[in-house]
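# Reading the structure
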Amino acid sequence: MIHEFLSDPNWINPQIDYLLWLQNIRMHSSRIFETIFLYITRLGELYIPTIVMALIYWCIDSETGIYLFALNACGLWLSKIFKMAACVYRPWVLSDKIHPAQAAIKMAKGYSFPSGHTLMATTTWGGLAFVLRKHKIICALLVILVLLIGFSRNYVGVHTPQDVLCSLFIGLFLIFAVYYLLKWCTKNKNRYLYLLPVIDILGIITLLYIIFKPYPADYVNGKLLVDPKGAIYIAVLYMGWILGILNGLFLSKRFFPFDAQKGSLKFKITSALVGIILLGIICAATENYLFASDRSFVVVFGLMFVIGLFITAIYPYILTKLQNKTVKSED
(Lines give C-alpha, C1' and ligand atoms only; values in the text may rest on other atoms or scores of the structure.)
Protein backbone atom coordinates (compact mmCIF):
# COMPACT_ATOMS: atom_id res chain seq x y z
CA MET A 1 0.00 0.00 0.00
CA ILE A 2 2.81 2.43 0.89
CA HIS A 3 4.59 1.58 -2.35
CA GLU A 4 1.46 2.26 -4.41
CA PHE A 5 0.70 5.56 -2.66
CA LEU A 6 4.20 7.00 -2.90
CA SER A 7 4.50 5.89 -6.53
CA ASP A 8 1.03 7.07 -7.60
CA PRO A 9 1.32 9.16 -10.82
CA ASN A 10 -0.95 11.89 -9.45
CA TRP A 11 1.40 12.27 -6.52
CA ILE A 12 4.73 11.62 -8.19
CA ASN A 13 4.34 13.48 -11.53
CA PRO A 14 4.58 17.01 -10.05
CA GLN A 15 7.77 15.90 -8.32
CA ILE A 16 9.17 14.54 -11.57
CA ASP A 17 8.36 17.88 -13.24
CA TYR A 18 10.35 19.63 -10.52
CA LEU A 19 13.31 17.29 -11.06
CA LEU A 20 13.10 17.89 -14.81
CA TRP A 21 13.20 21.63 -14.18
CA LEU A 22 16.34 21.19 -12.06
CA GLN A 23 17.77 18.86 -14.69
CA ASN A 24 17.26 21.53 -17.35
CA ILE A 25 19.22 24.01 -15.21
CA ARG A 26 21.93 21.40 -14.70
CA MET A 27 22.22 20.66 -18.41
CA HIS A 28 22.42 24.35 -19.38
CA SER A 29 24.87 25.58 -16.76
CA SER A 30 28.01 23.87 -18.12
CA ARG A 31 27.55 21.49 -15.17
CA ILE A 32 29.23 24.04 -12.87
CA PHE A 33 26.52 23.71 -10.22
CA GLU A 34 26.47 19.94 -10.69
CA THR A 35 30.11 19.74 -9.62
CA ILE A 36 29.45 21.96 -6.61
CA PHE A 37 26.44 19.94 -5.47
CA LEU A 38 28.26 16.65 -6.00
CA TYR A 39 30.82 17.83 -3.45
CA ILE A 40 28.08 19.01 -1.10
CA THR A 41 26.19 15.71 -1.35
CA ARG A 42 29.29 13.81 -0.20
CA LEU A 43 28.92 15.47 3.19
CA GLY A 44 25.87 13.26 3.62
CA GLU A 45 27.71 10.00 2.91
CA LEU A 46 28.87 7.68 5.68
CA TYR A 47 32.60 8.44 5.58
CA ILE A 48 32.94 12.16 6.38
CA PRO A 49 30.24 12.27 9.10
CA THR A 50 31.79 9.18 10.72
CA ILE A 51 35.24 10.76 10.86
CA VAL A 52 33.82 14.00 12.29
CA MET A 53 31.76 12.15 14.93
CA ALA A 54 34.69 9.88 15.83
CA LEU A 55 37.04 12.85 16.33
CA ILE A 56 34.47 14.58 18.53
CA TYR A 57 33.92 11.38 20.54
CA TRP A 58 37.61 10.52 20.90
CA CYS A 59 39.21 13.93 21.32
CA ILE A 60 36.78 16.77 22.07
CA ASP A 61 33.58 15.91 23.95
CA SER A 62 32.54 12.29 24.54
CA GLU A 63 28.97 13.16 25.53
CA THR A 64 28.44 15.04 22.28
CA GLY A 65 30.02 12.15 20.38
CA ILE A 66 27.70 9.64 22.06
CA TYR A 67 24.68 11.77 21.20
CA LEU A 68 25.69 12.20 17.55
CA PHE A 69 26.54 8.53 17.04
CA ALA A 70 23.32 7.35 18.72
CA LEU A 71 21.31 9.87 16.70
CA ASN A 72 23.02 8.87 13.48
CA ALA A 73 22.53 5.15 14.10
CA CYS A 74 18.82 5.60 14.87
CA GLY A 75 18.42 7.69 11.71
CA LEU A 76 20.08 5.07 9.54
CA TRP A 77 17.99 2.36 11.19
CA LEU A 78 14.69 4.09 10.40
CA SER A 79 15.94 4.90 6.92
CA LYS A 80 16.52 1.22 6.15
CA ILE A 81 13.16 0.18 7.60
CA PHE A 82 11.30 2.75 5.51
CA LYS A 83 13.30 1.97 2.37
CA MET A 84 12.69 -1.75 2.55
CA ALA A 85 9.04 -1.36 3.57
CA ALA A 86 8.07 1.19 0.90
CA CYS A 87 10.27 -0.11 -1.97
CA VAL A 88 9.90 3.14 -3.92
CA TYR A 89 11.91 3.23 -7.11
CA ARG A 90 14.50 5.87 -7.98
CA PRO A 91 13.43 8.90 -10.09
CA TRP A 92 15.03 7.58 -13.30
CA VAL A 93 13.04 4.36 -12.89
CA LEU A 94 9.82 6.26 -12.32
CA SER A 95 10.47 8.37 -15.44
CA ASP A 96 12.87 7.67 -18.30
CA LYS A 97 13.15 11.44 -18.81
CA ILE A 98 15.24 11.76 -15.66
CA HIS A 99 18.99 11.52 -16.30
CA PRO A 100 20.88 11.78 -12.99
CA ALA A 101 24.48 12.92 -12.67
CA GLN A 102 26.56 9.84 -13.36
CA ALA A 103 28.84 10.42 -10.38
CA ALA A 104 25.82 10.40 -8.05
CA ILE A 105 24.39 7.09 -9.29
CA LYS A 106 27.30 5.14 -7.78
CA MET A 107 26.04 5.97 -4.27
CA ALA A 108 22.35 5.75 -5.17
CA LYS A 109 21.69 2.02 -5.11
CA GLY A 110 18.61 0.20 -3.92
CA TYR A 111 15.32 1.93 -3.21
CA SER A 112 14.70 5.66 -3.03
CA PHE A 113 12.39 6.56 -0.14
CA PRO A 114 13.55 8.16 2.13
CA SER A 115 16.86 9.86 1.29
CA GLY A 116 19.65 8.25 3.31
CA HIS A 117 22.06 11.10 2.55
CA THR A 118 19.57 13.68 3.82
CA LEU A 119 18.87 11.69 6.97
CA MET A 120 22.61 11.23 7.56
CA ALA A 121 23.09 14.99 7.13
CA THR A 122 20.18 15.85 9.42
CA THR A 123 21.32 13.53 12.20
CA THR A 124 24.99 14.56 11.92
CA TRP A 125 25.13 18.25 11.00
CA GLY A 126 21.61 18.95 12.29
CA GLY A 127 22.42 17.15 15.54
CA LEU A 128 25.62 19.17 15.87
CA ALA A 129 23.59 22.35 15.24
CA PHE A 130 21.31 21.33 18.12
CA VAL A 131 24.32 20.81 20.40
CA LEU A 132 25.76 24.20 19.37
CA ARG A 133 22.40 25.99 19.38
CA LYS A 134 23.72 28.73 21.68
CA HIS A 135 26.24 29.65 18.97
CA LYS A 136 23.75 31.21 16.60
CA ILE A 137 26.01 31.71 13.56
CA ILE A 138 27.52 28.20 13.65
CA CYS A 139 24.08 26.69 14.24
CA ALA A 140 22.61 28.61 11.28
CA LEU A 141 25.47 27.53 8.99
CA LEU A 142 24.99 23.88 9.94
CA VAL A 143 21.24 24.08 9.28
CA ILE A 144 21.93 25.65 5.87
CA LEU A 145 24.37 22.80 5.16
CA VAL A 146 21.67 20.21 5.96
CA LEU A 147 19.24 21.93 3.60
CA LEU A 148 21.87 22.16 0.86
CA ILE A 149 22.66 18.45 1.14
CA GLY A 150 18.95 17.65 0.91
CA PHE A 151 18.55 19.92 -2.12
CA SER A 152 21.64 18.39 -3.73
CA ARG A 153 19.90 15.00 -3.81
CA ASN A 154 17.16 16.57 -5.94
CA TYR A 155 19.56 18.59 -8.05
CA VAL A 156 21.69 15.61 -9.11
CA GLY A 157 18.51 13.67 -9.86
CA VAL A 158 18.72 10.71 -7.49
CA HIS A 159 15.84 11.57 -5.11
CA THR A 160 12.38 13.09 -5.33
CA PRO A 161 11.27 15.89 -2.97
CA GLN A 162 9.20 13.41 -0.92
CA ASP A 163 12.38 11.42 -0.19
CA VAL A 164 14.21 14.49 1.08
CA LEU A 165 11.34 16.04 3.06
CA CYS A 166 10.55 12.77 4.84
CA SER A 167 14.20 12.44 5.89
CA LEU A 168 14.23 15.99 7.23
CA PHE A 169 11.14 15.32 9.34
CA ILE A 170 12.46 11.97 10.64
CA GLY A 171 15.82 13.55 11.49
CA LEU A 172 14.18 16.49 13.26
CA PHE A 173 12.07 14.13 15.37
CA LEU A 174 15.11 12.01 16.29
CA ILE A 175 17.20 15.04 17.29
CA PHE A 176 14.85 15.57 20.23
CA ALA A 177 13.86 11.93 20.87
CA VAL A 178 17.45 10.67 21.19
CA TYR A 179 18.45 13.68 23.29
CA TYR A 180 15.76 12.94 25.87
CA LEU A 181 16.40 9.18 25.76
CA LEU A 182 20.09 9.67 26.58
CA LYS A 183 19.19 12.22 29.22
CA TRP A 184 16.95 9.57 30.82
CA CYS A 185 19.80 7.04 30.68
CA THR A 186 22.31 9.33 32.41
CA LYS A 187 20.18 9.32 35.55
CA ASN A 188 21.10 5.65 36.06
CA LYS A 189 24.01 4.09 34.14
CA ASN A 190 22.37 0.66 34.36
CA ARG A 191 19.71 1.92 31.97
CA TYR A 192 22.27 1.77 29.17
CA LEU A 193 22.62 -1.93 29.93
CA TYR A 194 18.86 -2.45 30.13
CA LEU A 195 18.40 -0.91 26.69
CA LEU A 196 20.93 -3.19 24.99
CA PRO A 197 18.76 -6.35 24.84
CA VAL A 198 15.89 -4.25 23.52
CA ILE A 199 18.13 -2.76 20.83
CA ASP A 200 19.55 -6.13 19.80
CA ILE A 201 16.16 -7.88 19.73
CA LEU A 202 14.70 -5.08 17.61
CA GLY A 203 17.79 -5.30 15.41
CA ILE A 204 17.28 -9.04 14.86
CA ILE A 205 13.58 -8.46 14.08
CA THR A 206 14.55 -5.75 11.58
CA LEU A 207 17.07 -8.05 9.90
CA LEU A 208 14.57 -10.90 9.63
CA TYR A 209 11.98 -8.53 8.18
CA ILE A 210 14.45 -7.12 5.64
CA ILE A 211 15.71 -10.52 4.53
CA PHE A 212 12.44 -12.44 4.33
CA LYS A 213 9.76 -9.91 3.34
CA PRO A 214 8.47 -10.09 -0.26
CA TYR A 215 9.71 -7.44 -2.67
CA PRO A 216 8.26 -6.14 -5.96
CA ALA A 217 9.70 -7.78 -9.05
CA ASP A 218 8.90 -5.39 -11.90
CA TYR A 219 10.50 -5.99 -15.28
CA VAL A 220 10.93 -3.72 -18.30
CA ASN A 221 12.12 -5.35 -21.52
CA GLY A 222 13.07 -8.42 -19.52
CA LYS A 223 15.22 -6.45 -17.10
CA LEU A 224 14.52 -6.32 -13.37
CA LEU A 225 14.11 -2.67 -12.35
CA VAL A 226 15.58 -3.11 -8.87
CA ASP A 227 17.32 -6.25 -7.66
CA PRO A 228 16.02 -6.94 -4.14
CA LYS A 229 19.18 -8.91 -3.28
CA GLY A 230 21.33 -5.82 -3.77
CA ALA A 231 18.99 -3.70 -1.66
CA ILE A 232 18.91 -6.36 1.07
CA TYR A 233 22.70 -6.54 1.08
CA ILE A 234 23.04 -2.78 1.59
CA ALA A 235 20.46 -2.86 4.40
CA VAL A 236 22.20 -5.78 6.17
CA LEU A 237 25.55 -4.01 5.83
CA TYR A 238 24.18 -0.87 7.47
CA MET A 239 22.41 -2.85 10.20
CA GLY A 240 25.76 -4.36 11.17
CA TRP A 241 27.19 -0.87 11.44
CA ILE A 242 24.19 0.45 13.39
CA LEU A 243 24.16 -2.34 15.99
CA GLY A 244 27.96 -2.21 16.35
CA ILE A 245 27.81 1.54 17.02
CA LEU A 246 24.95 1.30 19.54
CA ASN A 247 26.32 -1.74 21.39
CA GLY A 248 29.71 -0.08 21.64
CA LEU A 249 28.27 3.19 22.91
CA PHE A 250 26.11 1.66 25.60
CA LEU A 251 28.69 -0.89 26.78
CA SER A 252 31.40 1.73 27.06
CA LYS A 253 29.08 4.18 28.82
CA ARG A 254 28.16 1.53 31.39
CA PHE A 255 31.50 -0.19 32.05
CA PHE A 256 34.31 2.28 31.23
CA PRO A 257 33.00 5.82 30.77
CA PHE A 258 35.42 7.50 28.39
CA ASP A 259 36.15 11.21 28.82
CA ALA A 260 37.74 12.86 25.78
CA GLN A 261 38.48 16.00 27.76
CA LYS A 262 41.11 14.22 29.82
CA GLY A 263 44.69 14.29 28.66
CA SER A 264 46.97 16.85 27.09
CA LEU A 265 46.56 18.44 23.66
CA LYS A 266 49.40 16.23 22.42
CA PHE A 267 47.56 13.13 23.65
CA LYS A 268 44.36 14.22 21.88
CA ILE A 269 46.09 14.95 18.58
CA THR A 270 47.94 11.62 18.73
CA SER A 271 44.69 9.81 19.58
CA ALA A 272 42.97 11.40 16.60
CA LEU A 273 45.73 10.55 14.13
CA VAL A 274 46.20 6.97 15.36
CA GLY A 275 42.44 6.36 15.45
CA ILE A 276 41.88 7.60 11.89
CA ILE A 277 44.84 5.55 10.62
CA LEU A 278 43.61 2.39 12.36
CA LEU A 279 40.08 2.94 11.07
CA GLY A 280 41.45 3.45 7.57
CA ILE A 281 43.45 0.22 7.77
CA ILE A 282 40.43 -1.75 9.00
CA CYS A 283 38.19 -0.34 6.24
CA ALA A 284 40.84 -0.99 3.57
CA ALA A 285 41.32 -4.56 4.80
CA THR A 286 37.60 -5.33 4.64
CA GLU A 287 36.67 -3.34 1.52
CA ASN A 288 37.50 -6.09 -0.99
CA TYR A 289 35.24 -8.58 0.74
CA LEU A 290 32.41 -6.14 1.36
CA PHE A 291 32.14 -5.53 -2.39
CA ALA A 292 32.94 -9.06 -3.57
CA SER A 293 30.39 -10.98 -5.65
CA ASP A 294 30.35 -13.99 -3.29
CA ARG A 295 29.76 -11.94 -0.15
CA SER A 296 27.87 -13.51 2.74
CA PHE A 297 25.19 -11.58 4.62
CA VAL A 298 26.39 -13.03 7.93
CA VAL A 299 30.05 -12.13 7.38
CA VAL A 300 29.26 -8.68 6.01
CA PHE A 301 27.04 -7.96 9.00
CA GLY A 302 29.80 -9.19 11.33
CA LEU A 303 32.50 -7.07 9.70
CA MET A 304 30.43 -3.90 9.89
CA PHE A 305 29.44 -4.71 13.47
CA VAL A 306 33.12 -4.98 14.47
CA ILE A 307 33.98 -1.70 12.72
CA GLY A 308 31.18 0.07 14.60
CA LEU A 309 32.29 -1.57 17.84
CA PHE A 310 35.88 -0.47 17.24
CA ILE A 311 34.86 3.18 16.87
CA THR A 312 32.62 3.42 19.93
CA ALA A 313 34.06 0.84 22.36
CA ILE A 314 37.36 -0.84 21.46
CA TYR A 315 39.39 2.27 20.65
CA PRO A 316 37.86 4.36 23.48
CA TYR A 317 38.73 1.49 25.87
CA ILE A 318 42.35 1.62 24.69
CA LEU A 319 42.37 5.41 25.13
CA THR A 320 40.93 5.07 28.64
CA LYS A 321 43.75 2.71 29.64
CA LEU A 322 46.34 5.06 28.15
CA GLN A 323 44.77 8.03 29.95
CA ASN A 324 44.95 6.18 33.28
CA LYS A 325 48.54 5.14 32.62
CA THR A 326 49.51 8.71 31.77
CA VAL A 327 47.90 10.07 34.94
CA LYS A 328 49.72 7.48 37.11
CA SER A 329 53.08 8.26 35.49
CA GLU A 330 52.54 11.99 36.10
CA ASP A 331 51.71 11.29 39.77
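The structure reproduced in this document is the subject of the present report. (Residues numbered from 1 in each chain as written. Predicted model: local features only at pLDDT ≥ 70, side-chain atom pairs only at ≥ 80, totals over all residues. Heavy atoms only, no water.)

Moving on, we get to the overall build of the chain. For the chain, the count of helices and strands is 14 helices and 2 strands. The C-alpha atoms of the chain give a radius of gyration of 21 Å, which matches the 20 Å a tight globule of 331 residues would have. Each of the three principal axes of the chain carries a C-alpha extent, and together these read 75 × 45 × 35 Å. Across the 331 residues in the chain, those meeting the buried criterion constitute 49%. In the chain, 82% of the contacts between residues at least 6 apart in sequence involve partners at least 24 apart. As presented, the chain carries roughly 16600 Å² of accessible surface, and 69% of it is formed by carbon and sulfur atoms. (Helix = DSSP H or I, 4+ residues; strand = E, 2+ residues; numbered from the N terminus. Rg over C-alpha atoms; globule rule 2.2 N^0.38 Å. Buried < 20%, exposed > 50% of the residue type's maximum accessible area, 1.4 Å probe, protein only. Contact = heavy atoms within 4.5 Å. Areas by Shrake-Rupley, 256 points an atom, 1.4 Å probe, with all protein chains shown as cover.)

Turning next to the packing of helix H5 (residues 62-86) against helix H8 (residues 116-131). Contact geometry for H5 and H8: axes closest at 9 Å, N-to-C directions at 155°. With respect to their mutual orientation, H5 and H8 come out roughly antiparallel. The way H5 lies across H8 gives a crossing that is right-handed. For the pair H5 and H8, the contacting residues are Thr64, Tyr67, Leu68, Leu71, Asn72, Gly75, Leu76, Ser79 and Lys83 in the first and Gly116, Leu119, Met120, Thr123, Thr124, Gly127, Leu128, Phe130 and Val131 in the second. (Axes fitted to C-alpha atoms, helices over the stretch in contact; angles between N-to-C directions. Parallel < 35°, antiparallel > 145°, perpendicular 65-115°, else oblique. Left-handed = near helix turned anticlockwise from the far one by under 90°.)

Turning our eyes to something else, we now look at the environment of Val236. Note that Val236 resides in helix H12 (residues 228-255). Between the C-alpha atom of Val236 and that of Leu202, which follows or precedes it by 34 residues, the distance is 14 Å. Other than its neighbours up to four places away in sequence, Val236 contacts Leu207, Ile211, Phe297 and Phe301.

With that out of the way, let us pick up the packing of helix H3 (residues 32-41) against helix H9 (residues 136-155). Relative to each other, H3 and H9 sit at 125°, their axes nearing to 9 Å. Here H3 lies oblique to H9, going by the angle between them. With respect to the hand of their crossing, H3 and H9 are arranged in left-handed fashion. For the pair formed by H3 and H9, the contact residues are Phe33, Glu34, Phe37, Ile40 and Thr41 on the first element and Leu148, Ile149, Phe151, Ser152, Arg153 and Tyr155 on the second. Considered class by class, the residues forming the contact of H3 with H9 number 7 nonpolar, 2 polar and 2 charged. (Nonpolar A, V, L, I, M, F, W, Y, C, P; charged D, E, K, R; others polar.)

Among the nonpolar cores identified, the biggest contains 87 residues, and Trp241 and Ile311 are the most heavily contacted of them. Among the elements that line this core, the one with the most residues is H12, at 15 residues. Other than its neighbours up to four places away in sequence, Ile311 contacts Thr50, Ala54, Tyr57, Trp58, Phe69, Trp241, Ile245, Leu279 and Pro316. (Core = buried A, V, L, I, M, F, W, Y, C linked by side-chain atoms within 4.5 Å.)

Our focus in this paragraph is helix H11 (residues 190-212). Taking 1.5 Å of rise per residue, the 23 residues of H11 would be expected to cover 33 Å, and the 34 Å separating its terminal C-alpha atoms lies within 8% of that figure. Listing the buried residues of H11 in full gives Tyr192, Leu195, Leu196, Ile199, Gly203, Thr206, Leu207 and Ile210. (Expected span 1.5 Å × (residues − 1).)

For the rest of this paragraph, the subject is a nonpolar patch on the surface. On the surface, Leu265, Ile269, Leu273, Val274, Ile277, Leu278 and Ile281 cluster together into a nonpolar patch covering about 650 Å² of accessible area. Turning to its location among the elements, Leu278 is positioned in helix H13 (residues 265-290). A relative accessible area of 33% means that Leu278 is categorised as partly exposed. (Patch = residues over 30% accessible without salt bridge, like charges linked within 9 Å, V, L, I, M, F, W, Y side chains within 5 Å. Salt bridge = Lys/Arg side-chain N within 4 Å of Asp/Glu carboxyl O.)

Before going further, it helps to spend a moment on the packing of aromatic side chains. What describes a pair of aromatic rings is the distance from one ring centre to the other and the angle between the planes of the rings. Counted by the stated rule, this structure contains 17 aromatic pairs. With centroids separated by 6.5 Å and ring planes inclined at 85°, the aromatic side chains of Phe82 and Phe113 adopt a geometry described as edge-to-face. Remark: Phe113 occurs in the loop between helix H7 (102-105) and H8 and Phe82 occurs in helix H5; sequence separation between them is 31 residues. Ring geometry for Phe130 versus Phe176: centroids 5.3 Å apart, planes at 70°, classification edge-to-face. Note that Phe130 is positioned in helix H8 and Phe176 in helix H10 (residues 161-186), a separation of 46 residues in sequence. (Phe/Tyr/Trp six-rings, centres within 6.5 Å; stacked < 30°, edge-to-face > 60°.)

Counted by the stated rule, this structure contains 2 salt bridges. Ionic pairing is found between Glu34 and Arg26, a salt bridge with its closest N-O pair at 3.6 Å. One exposure class covers both Glu34 and Arg26, and it is buried. Between Lys253 and Glu63 there is a salt bridge, and its shortest N-O distance comes to 2.3 Å. One end of the pair, Lys253, is in helix H12; the other, Glu63, is in helix H5, and 190 residues separate them in sequence. Among the residues examined, Lys253 registers a relative accessible area of 11% and is labelled buried. Of the residues examined, Glu63 reaches a relative accessible area of 40% and is grouped as partly exposed.

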